[in-house]
Amino acid sequence: MGSNEFDNLILGLAEFVRRDGRYLYPELLRHALNKLALELTAVTYPRTLTGLLALLEKPVKTWYPGRLLPKEFDSDFGLLYEWGLSEEASRYLYEELLEKTKLSEFATTLTKQIAIENFQFQRILERLQELYNNDSDPERVQQEYVLLRLFLIENPYTTPAQLRKIFSKTRHIDIQEVGELYDECEENEPCWNCDRCGPLFKKYGKLRGIKPSACNDHRQNLPFIRQITWKQGLRRLKFGIHLRICLPGIPEMRLFKVLEELQSKYSDQLCTIHLYPGIDRYDLQLRFCDQSTWAVDIKDYRSPYNLALKLTPLFGEGDLHYDESFYVIPIQRLQQRENYLEILREQATKLPSSTHPLSDAVFEERVIHKIEQLREGK
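On a predicted model such as this, the values are computed, not experimentally measured, just so you know.

A. View of the sheet that holds strand β9 (residues 235-237). On the basis of which strands lie adjacent, the open sheet formed by three strands has the order β3-β9-β4 and antiparallel pairing. Since the sheet does not close on itself, it has two edges, and those belong to β3 (157-158) and β4 (182-184), each with one partner. Here β3 pairs with β9 via two bridges, running antiparallel. Its bridge partner being in β9, T158 is matched across the sheet by R235.

As structure tokens, then:
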């Protein structure tokens with residue numbers, strides 16, 4: 001039993017919960033559980049399905065063989081949460097498994113479908129990056145990519161009419177491929193959205209979000225919780241697109257709008273702000289009147305250990321050159337865990353000291369300080 005068996009367990013559970021527990025067990029899950037039964041020593045292997053599900057909800061570090069646990073998985077989490085994948089298991093599935101070519105080892109139809117769902121956007125991104133580098137009009141390619149990215153962040157629900165309105169004149173993005181990033185909502189299906197974390201689902205009579213550690217209050221009377229009125233053709237973002245594009249995009253847009261306000265007020269100092277420059281090489285590029293350029297990437301991770309594995313120098317060639325670079329983290333993440341930034345700096349071994357990890361609030365202060373310096377002629 002090795003890390004592959006943990007991967008099999010995650011993939012098998014993903015199939016299991018999508019089937020709502022019917023047709024026990026998926027092939028990958030059965031295989032992984034058989035291996036687990038032989039290796040489990042910290043606790044007694046459960047004799048019933050109810051006991052097994054209860055075990056899988058407990059923090060992994062309390063029962064799974066530690067030597068076999070991938071370092072990329074935060075063991076403070078369980079694998080399940082209220083009959084669905086836990087937040088960490090979902091993150092691991094989409095960010096660590098479905099981005100790896102190991103998927104070719106798994107032949108089940110459902111696993112392939114999950115992979116297709118996650119990689120649909122990736123294929124569009126890669127095609128547009130190639131066009132950007134080779135097309136005679138890279139600026140148009142850039143504009144169309146930003147249009148797509150913003151649409152997915154700002155429209156977790158959409159309709160064919162809206163898709164036609166927005167993408168009917170795009171040269172490099174097809175309406176149909178955008179539509180395939182959404183699932184069709186069934187008639188009379190209750191549809192809810194949180195302005196802070198996107199589409200919601202109901203479990204045990206309560207609205208739940210995709211990332212409880214970031215947003216877990218979804219009472220229906222709150223101003224940021226909205227019920228979406230069903231209409232013919234209503235579509236909702238697929239799970240993988242919601243997790244990988246929409247959800248991370250919310251703090252990106254929050255910071256962008258703050259900077260836009262500063263730029264409109266102090267345009268003589270903060271000249272331009274570019275979203276997703278170079279087809280998403282990083283999130284924001286700020287250019288000041290003294291010709292200096294800042295590159296910014298926003299990262300919303302609960303665990304500084306998981307984030308540290310992702311931090312590398314930002315791409316800085318050609319028009320993407322920068323004088324200073326920043327990884328910006330929503331301040332609530334730093335408030336949730338003591339010494340978050342200290343842990344991050346210590347663990348991010350691939351990150352040069354010239355790239356600064358800091359909170360969004362501190363970054364805003366740095367921008368304001370830079371503007372004030374320029375206004376004073378310093």
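Further notes follow.
B. Examining the pairing of strand β5 (residues 191-194) more closely. Neither face of β5 is exposed, since C191 and N193 on one face and W192 and C194 on the opposite face are all buried. When β5 meets strand β8 (residues 225-228), the two strands line up antiparallel, connected through four bridges. Residue pairing in the sheet places C191 in a bridge with I228 of β8. Taking the residues between adjacent antiparallel strands as the criterion, β5 and strand β6 (residues 198-203) are bridged by three residues.

C. Expanded view of unusual backbone geometry. At W83, a residue that is not glycine, the phi angle is positive and equals roughly 65°. For W83, the location among the structural elements is in the loop between β1 (80-81) and β2 (84-85). You will see that Y204, though not glycine, has its phi angle at about 55°, which is positive. Assignment of secondary structure puts Y204 in the loop between β6 and β7 (206-208). Residue classification places Y204 among the exposed residues on the basis of a relative accessible area of 60%.

D. Geometry of the pairing of strand β13 (residues 324-329). Where burial is concerned, most of β13 is hidden: five out of the six residues are buried. Direction of pairing for strand β12 (residues 293-298) relative to β13: parallel, over a ladder of five bridges. Each bridged residue has a counterpart across the sheet, and for D297 the counterpart in β13 is Y327. Bridging between β13 and strand β14 (residues 355-359) involves five bridges; their strand directions are parallel. Of the residues in β14, the one forming a bridge with F326 is H356.

What counts as what
- Residues numbered from 1 in each chain as written.
- Predicted model: local features only at pLDDT ≥ 70, side-chain atom pairs only at ≥ 80, totals over all residues.
- Heavy atoms only, no water.
- Pairing = 2+ DSSP bridges.
- Helix = DSSP H or I, 4+ residues; strand = E, 2+ residues; numbered from the N terminus.
- Buried < 20%, exposed > 50% of the residue type's maximum accessible area, 1.4 Å probe, protein only.

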